[in-house]
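# Structural overview for review
Spelled out from the first residue to the last, the chains are:
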Amino acid sequence: MSARVLAGPPVAAALLADAAARASRLPTPPNLVIVRVGDDPASASYVRGKSRKAGEVGLRSTVHALPETTSQAQLLALIDTLNRDDDVNGILVQLPLPPQIAEAAVLHAIDPRKDVDGFHPLNVGELWAGRPALTPCTPAGIMYLLEHYGIPVAGARAVIVGRSHLVGRPLAALLLNADATVTVAHSRTRDLGAVTREADILIAAAGRPDLITPEMVKPGATVIDVGINRVLNAEGKGHLVGDVHPDVAAVAGALTLVPGGVGPMTVAQLLANTVRAAELQHAAYSDSAQTDAAPTDAVQ
Ligand code: NAD
């Protein structure tokens, strides 16, 4: 392997330390509420991980685990209560949801100021308008990682493989906001290799093991592997791989590994978003308190 490895864990630790320091300057520890519906073991494990990490950096967190049979109306009623509760700074509804609940209705219902996943249309629109407030965690974590390792983004040619709302699209907006020239490739892209070979920064977020092979990578490029794929090895044991073939390390200038790359950034960014949400809410509260108290000579 000749490429420089961009390790995720130390960068996630730096992001968490920064979030913890900012949280400690707030009047009360930021409070993240996570709502989970159903019995999916993977979702339950993600939620436990997020909640544990929140505690480690001095945030409060509460988990609402609702039964699989929860109706959309019941979930929306809970979100409404959480929206109105001034002691709740961040609300995260763990996806996927059971089929009787429309994901879009739930994401629309969360107060955009508490939308720590950054999926509310208002936050999506602000991101594309170049005024990001709360941005989706995996893409924001990738930007932090690139910055941490000093990978130049402004003026670079960035190619993202994958156009999901979770990763590809918001990452395209963030890279564009950071002055990269951005191409988004997807399952219908013709001659994917010709597109990816243009990239100074290549981000693979397709969920396809070994999709990116060495001949698809420009020598010296930075390759960010977002994919998380469970595959079986020769002995039939499951393990995790990304979307990038291991031989890419011989061509790339720098790359992230799976595991140990982008994965840890996502949870760290969620907690950073929770602190950001709390900061924005406290700033808005202080502003309105000052406005209320200020003498006015306005004509009555
Ligand atoms: P998704 O299934 O919603 O989207 C996949 C995208 O890849 C689609 O836009 C599709 O067009 C594109 N694609 C699929 N096959 C392709 C091909 N052969 N060539 C070109 N494009 C192709 O997935 P997602 O939610 O965006 O996640 C993508 C991957 O990233 C998954 O492996 C997921 O597990 C992983 N992921 C990791 C993290 C993390 O924290 N590291 C977070 C989110 C997602």
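Residues numbered from 1 in each chain as written. Predicted model: local features only at pLDDT ≥ 70, side-chain atom pairs only at ≥ 80, totals over all residues.

### Topic: the site of the ligand
Rules: Being near a molecule or strand means, for a residue, that its backbone-placed C-beta atom lies within 6 Å of it. Residue polarity follows a fixed list, in which Ala, Val, Leu, Ile, Met, Phe, Trp, Tyr, Cys and Pro are nonpolar, Asp, Glu, Lys and Arg are charged, and the others, Gly among them, are polar.
Around the ligand, the surrounding shell holds 25 residues, and the nearest of these are Gly-162, Ser-164, His-186, Ser-187 and Gly-207. Looking at the shell around the ligand, its residues break down into 11 nonpolar, 12 polar and 2 charged.

### Focus on the pairing of strand 8 (residues 222-225)
Operational definition: To sort residues by burial, count the other C-beta atoms lying within 10 Å of each one's C-beta; a count of 20 or more means buried, 12 or fewer means exposed, and anything in between means partly exposed. C-beta atoms are built from the backbone. Helix and strand assignments follow DSSP, with helices taken as H or I runs no shorter than four residues and strands as E runs no shorter than two, numbered in order from the N terminus. Pairing between strands requires that DSSP locate at least two bridges from one strand to the other.
The alternating pattern of strand 8 places Thr-222 and Ile-224 and Val-223 and Asp-225 on opposite faces, both of which are buried. In terms of strand pairing, strand 7 (residues 201-204) meets strand 8 through 4 bridges, oriented parallel. Within strand 8, the residue paired with Leu-202 across the bridge is Val-223. The pairing of strand 8 with strand 11 (residues 254-255) spans 2 bridges and is parallel. When the sheet's bridge partners are listed, Thr-222 is paired in strand 11 with Ala-254.

### Considerations on the sheet that holds strand 7
As a reminder of what qualifies: Two residues qualify as being in contact provided that their C-beta atoms, derived from the backbone, are within 7 Å of each other. Axis lines are fitted to C-alpha atoms, over the contacting stretch for helices. Their N-to-C directions set the angle, which ranges from 0 to 180 degrees.
A sheet is described by the order of its strands in space; here 6 strands give the open sequence 1-11-8-7-5-6, paired in parallel fashion. Sheet topology places strand 1 (4-5) and strand 6 (181-185) at the edges, where each strand pairs with a single neighbour. Note that strand 5 (residues 157-161) and strand 6 share 5 bridges and pair parallel. Counterpart to Val-161 in the pairing with strand 6 is Ala-185. Against the sheet, helix 7 (residues 168-177) contacts strand 5, strand 6 and strand 7, and its axis sits at roughly 170 degrees relative to strand 6.

### A closer look at the sheet that holds strand 2 (residues 31-37)
Pairing is parallel across the open sheet formed by 3 strands, whose spatial order is 3-2-4. The open sheet has two edge strands, strand 3 (60-66) and strand 4 (90-93), and neither has a second partner. Ignoring which end each strand starts from, the neighbouring axes of this sheet average 15 degrees apart. One ladder, built from 4 bridges, connects strand 2 with strand 4; its direction is parallel.

### Quick look at the domain arrangement of the chain
Worth spelling out the cut-off: Note: domain ranges come from an automatic or database domain assignment.
Along its sequence, the chain is carved into domain 1 (16-111) and domain 2 (137-263). Computed over C-alpha atoms, the centres of domain 1 and domain 2 are 28 Å apart.

### Describing the packing of helix 6 (residues 137-148) against helix 7
The condition that has to hold: Crossing handedness is read from the near helix: turned anticlockwise from the far helix by less than a right angle, it gives a left-handed crossing, and turned clockwise, a right-handed one.
For the pair helix 6 and helix 7, the least separation of the axes is 8 Å and the interaxial angle reads 40 degrees. Judged by the twist between their axes, the crossing of helix 6 over helix 7 is right-handed. Contacts between helix 6 and helix 7 involve Pro-139, Ala-140, Ile-142 and Met-143 from the former and Pro-170, Leu-171 and Leu-174 from the latter. Residue composition of the contact of helix 6 with helix 7, by class: 7 nonpolar, no polar and no charged.

### Considerations on the UniProt feature "domain: Tetrahydrofolate dehydrogenase/cyclohydrolase NAD(P)-binding" (unreviewed entry) in the chain
Heads up, the rule is: UniProt positions are given in the numbering used here, feature names are shortened, and annotations may be inferred rather than shown by experiment.
The UniProt record marks residues 136-281 with the feature "domain: Tetrahydrofolate dehydrogenase/cyclohydrolase NAD(P)-binding" (unreviewed entry), using the residue numbering of this structure. Regarding residues 136-281, the helix share stands at 32% and the strand share at 19%, and the terminal C-alpha atoms are separated by 18 Å.

### Things to note about helix 7
Of all 10 residues in helix 7, 7 are buried; the element is thus mostly enclosed. Residues of helix 7 that are buried: Gly-168, Pro-170, Leu-171, Ala-172, Ala-173, Leu-174 and Leu-175. Looking at the buried residues of helix 7, the elements they touch are helix 5 (121-128), helix 6, strand 5, strand 6 and strand 7.

### With respect to the nonpolar core
What counts, and what does not: We define a nonpolar core as a collection of buried residues of the types Ala, Val, Leu, Ile, Met, Phe, Trp, Tyr and Cys that are connected via C-beta atoms lying within 7 Å of each other.
Among the nonpolar cores identified, the biggest contains 80 residues, and Leu-202, Ile-203, Ala-204 and Leu-271 are the most heavily contacted of them. Among the elements that take part in this core, helix 9 (residues 263-293) stands out by supplying 9 residues, more than any other. The residues that make up this core include at least three from each of domain 1 (16-111) and domain 2 (137-263). The residues touching Leu-271, leaving out its near neighbours within four places in the chain, are Leu-16, Ala-19, Lys-53, Ala-54, Val-57 and Leu-59.

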